[in-house]
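One letter stands for each residue in the lines below.
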Amino acid sequence: MHKPLIIGNWKMHKVVAEAVEFARQLAASVTPVADRDVAIAPPFTALHALSAVLKDTVIALCAQDVHWEEEGAFTGEVSARMLLDAGCRYVLIGHSERRRWFSESNEDVNRKAKAALKAGLLPVVCVGETLDEREADQTFSVIRRQLKEGLNNIAANDIRRTIVAYEPVWAIGTGKTAIPEQAEEIHDFIRQFIARIHGTDIAAEISILYGGSVNPDNAAYLMAQKDIGGLLVGGASLDPGSLRKIIHY
Ligand code: PGA
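These numbers were taken from a predicted model, which means no experiment stands behind them.

The rules behind each value
- Residues numbered from 1 in each chain as written.
- Predicted model: local features only at pLDDT ≥ 70, side-chain atom pairs only at ≥ 80, totals over all residues.
- Heavy atoms only, no water.
- Near = heavy atom within 4 Å.
- Polar contact = N/O pair within 3.5 Å; in protein donor to acceptor, adjacent residues only side chain to side chain.
- Areas by Shrake-Rupley, 256 points an atom, 1.4 Å probe, with all protein chains shown as cover.
- Nonpolar A, V, L, I, M, F, W, Y, C, P; charged D, E, K, R; others polar.
- Salt bridge = Lys/Arg side-chain N within 4 Å of Asp/Glu carboxyl O.
- Helix = DSSP H or I, 4+ residues; strand = E, 2+ residues; numbered from the N terminus.
- Buried < 20%, exposed > 50% of the residue type's maximum accessible area, 1.4 Å probe, protein only.
- Phe/Tyr/Trp six-rings, centres within 6.5 Å; stacked < 30°, edge-to-face > 60°.
- Lys NZ or Arg CZ within 6 Å of the ring centre and 35° of its normal.

Participant: Before we move on, could you go through the site of the ligand and cite the residues and values that matter?
Facilitator: Surrounding the ligand, one finds 14 residues, the nearest of these being Lys11, His95, Glu167, Gly173 and Ser213. A distance of 3.5 Å separates an oxygen atom of the ligand from a polar side-chain atom of Asn9. Separating an oxygen atom of the ligand from a side-chain N or O atom of His95 is a distance of 2.7 Å. Protein burial of the ligand: of its 280 Å² of free accessible surface, 95% is covered by the chains. Of the residues assigned to the shell around the ligand, the class counts are five nonpolar, seven polar and two charged.

Participant: Could you give an account of the pattern of salt bridges, with specific residues and numbers?
Facilitator: A complete count under the given rule lists 15 salt bridges for this structure. Across the pair Glu97 and Lys11 runs a salt bridge whose closest N-O atoms are separated by 2.7 Å. Placement of Glu97 in helix H4 (residues 96-101) and of Lys11 in the loop between strand E1 (5-9) and helix H1 (16-30) is noted, with a sequence separation of 86 residues between them. Judged by relative accessible area, which is 26%, Glu97 ranks as partly exposed. For Glu104, the salt bridge goes to Arg98, with nearest N and O atoms at 3.0 Å. Assessed through its relative accessible area of 9%, Glu104 is described here as buried. Given the relative accessible area of 23%, Arg98 is considered partly exposed. The structure contains a network of salt bridges with shared partners spanning Asp65, Arg98, Glu104 and Lys112.

Participant: Any details on the packing of aromatic side chains? Residues and values, ideally.
Facilitator: A full pass over the atoms with the stated rule returns three aromatic pairs. For the ring pair Trp10 and Phe22, a centre distance of 4.6 Å and an interplane angle of 75 degrees mean the geometry is edge-to-face. Placement of the pair is Trp10 in the loop between E1 and H1 and Phe22 in helix H1, with a sequence separation of twelve residues. The residues Trp10 and Phe22 share a single accessibility class, namely buried. Relative to Phe189, the ring of Phe140 has its centre 4.9 Å away and its plane inclined at 65 degrees; by these criteria the two rings are edge-to-face. With Phe140 in helix H7 (residues 139-150) and Phe189 in helix H9 (residues 180-198), the pair connects residues that are 49 residues apart, well separated along the chain. Judged by its relative accessible area of 31%, Phe140 falls in the partly exposed class. Here the guanidinium or amino end of Arg98 rests over the ring plane of Phe102, the centre of that ring lying 4.1 Å away. The ring of Trp68 carries Arg111 above its face, with NZ or CZ at 4.0 Å from the centroid.

This is the structure:
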């Protein structure tokens, strides 16, 4: 089993100077945490500067998106190799905001995950249902489809290096966290889905993160669930004090 993984997703926040100041403060306060993995996902523009600040610390870098091609005429896009070169270890793929505002499909997610794995990045593949889907009793079918298509044809060895993040869309940025048992039910479902394709040993190895209004008060309850292997934190990761508390849940 992996160590618990906590990723702070800054979304479209912080210019370079703000990011560097934050990283210095956080690095100073979490250095002794050897029993968990920590990463921050700043905007692309801050990656390079942060890789210098975070070098020799326990905090890794995560990008918020990646393109599936290695290079070429794709204005505005960034490749997996570029992200590695900028110091990233992880990359978020298929965040619900990408799906909603930029029309990302499960097929895009699949191509991006494969490109990330090929380049040596660890993909964090995000899945989750909207409120309408939950109310229409479609939660399991939506997640099953996101997993089936998003992880399609990824070999067992690569699945081992893949992280899944369950983020119910209705819980993102709303202050409405899934109750831990509700999250656990979906985490267990995700693990069983992977077990059916790749076997229970590989499924047991996968880190499955929870995301959606995680804060210093609910982090420990969520992490107490059997299948929750880490947290993807949005709003509460923008302040070093609150992210530090979540890391030390
Ligand atoms: P939130 O965002 O913690 O602000 O709800 C989580 C995410 O979108 O990754």
